[in-house]
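# Analysis of the macromolecular model
Read off the chains here:
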Amino acid sequence: MNKKDFYDLLKSVPKAEIHLHSEACTSRSTIKELYLKNKGREMTAEQMKELFSYDDLAGFLDAFIEIQGFYSTKDDISYITKDLISYLKKNNIVYCETFVSVTSFMKKGISFHDIIETFTKSIEEAEKKNGITIRLIVDVSRSFGLENAMNNLNLVLAEKNPYIIGIGLGGDEAKGPAKNFAAVFDKAKKAGLHTVVHAGEVIDSWSIKDAIKACHAERIGHGISAAYDKDFMEELKEKHLPLEVCPTSNVFTKHYFTKFEEHPVKELYKKGIFITLNTDDPTFFKVSLIDELYKIYSLLNFKLSDIKKIVQNSFKASFISDSEKKKYISRVNEAWKNYFENHPEIEEK
């Protein structure tokens, strides 16, 4: 299938994305607008170029936090949700579990309640107007330490917002082993929250094992170092524990490989590990979910049947009920079937 036909097909198919940082959907036009609003002067082309000039995970995280710093009022948060919904619509993503990194915003004086209230209004509007369902995973974050992470959890528990379904541990795993945050995740689990952890992105498989054991991780963000531990791959297969693989993001870190063609997602998939595909940070890596799907199809020789299964996997790995999963998967199957019935000249291969 050529690229145009592939994109037409995937645009017609409803999708889910479950490893997506909401702030990382912020458009460059929004960044310019916020910079002018909060700095009182226009951002130059050179400043924009410098902001997006990084060549490792630490540099990317610095840029991520810097952009978060451009948001200084409750009203500014609505820029995030506007760009997030625009991204979802463009990719026909009908269900999304997105990370919200609240700490940087709170350091600017925006209350947790105001952040979540702004997201809530946008979530309800997106569902009503666009048929898009969004749920929130609050990133308690390695970057600011254990005390801050526990404080973020306590705010989640006090807020009791129905759209917050869990907590996640993001940030640089090299600087914050999952076991350091065990107390936070113990408390979250007891409170009935879902738990996900970034692990195996730039650290060997012990980091993933730590995340599962110490933080009760129900899904692993990235998890690519598992591909270099044969015994652990078998364990992951048996546990049927989903990996939220973000190929373009993984190539960028240059830790295990430097080319997309070297990404081990095909090996993980062939081993029977539960693979989902995600973008992580679309604006930062200049990639969309459909782009990621096309890359594994064209560069890693995934078949169309594999692409369809991976699209279904994101719904299966999500934190929705079994009945909801069945409805979404039925919609995927119907859209897939309709596309080829309406394009008999295109072979399904």
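A brief report on the enclosed structure follows.

## Quick notes on a positive patch on the surface
- On the surface, K230, K237, K270 and K271 cluster together into a positively charged patch.
- With respect to the helices and strands, K230 occurs in helix α11 (residues 230-239).
- Of the residues examined, K230 reaches a relative accessible area of 66% and is grouped as exposed.

## Topic: a negative patch on the surface
- On the surface, a cluster of negative charge is contributed by E46, E50, D55, D56, D62 and E66.
- If you list the elements that add at least two residues to the negative patch, you get α3 (45-51) and α4 (57-68).
- Examined against the element boundaries, D56 turns out to sit in the loop between α3 and α4.

## Quick notes on the packing of helix α15 (residues 289-299) against helix α16 (residues 304-316)
- The contact between α15 and α16 brings their axes to 10 Å, and the two run at 150°. Viewed along their axes, α15 and α16 adopt a mutual orientation that is roughly antiparallel. Crossing of α15 against α16: the hand is right-handed. Listed contacts from α16 to L293, I296 and Y297 of α15 are L304, I307, I310 and V311.
- Here the contact of α15 with α16 is built from residues that sort into seven nonpolar, no polar and no charged.

## Observations concerning the pattern of salt bridges
- Counted under the stated rule, the structure contains twelve salt bridges.
- Ionic pairing is found between K37 and D76, a salt bridge with its closest N-O pair at 2.8 Å. Note that K37 is positioned in helix α2 (residues 28-39) and D76 in helix α5 (residues 74-90), a separation of 39 residues in sequence.
- K209 is paired through a salt bridge with D229; the nearest N and O atoms lie 3.2 Å apart. With K209 in helix α10 (residues 206-215) and D229 in the loop between β6 (219-222) and α11, this pair connects stretches of sequence that are 20 residues apart.
- Classification of D229 by relative accessible area gives buried; the value is 18%.
- One salt-bridge network, in which partners are shared between bridges, spans K74, D114 and E117.

Here is what the cut-offs are and how they apply
Residues numbered from 1 in each chain as written. Predicted model: local features only at pLDDT ≥ 70, side-chain atom pairs only at ≥ 80, totals over all residues. Heavy atoms only, no water. Patch = residues over 30% accessible without salt bridge, like charges linked within 9 Å, V, L, I, M, F, W, Y side chains within 5 Å. Areas by Shrake-Rupley, 256 points an atom, 1.4 Å probe, with all protein chains shown as cover. Salt bridge = Lys/Arg side-chain N within 4 Å of Asp/Glu carboxyl O. Lys, Arg positive; Asp, Glu negative; His and termini not counted. Charge placed at Lys NZ, Arg CZ, Asp CG, Glu CD. Helix = DSSP H or I, 4+ residues; strand = E, 2+ residues; numbered from the N terminus. Buried < 20%, exposed > 50% of the residue type's maximum accessible area, 1.4 Å probe, protein only. Axes fitted to C-alpha atoms, helices over the stretch in contact; angles between N-to-C directions. Parallel < 35°, antiparallel > 145°, perpendicular 65-115°, else oblique. Left-handed = near helix turned anticlockwise from the far one by under 90°. Contact = heavy atoms within 4.5 Å. Nonpolar A, V, L, I, M, F, W, Y, C, P; charged D, E, K, R; others polar.

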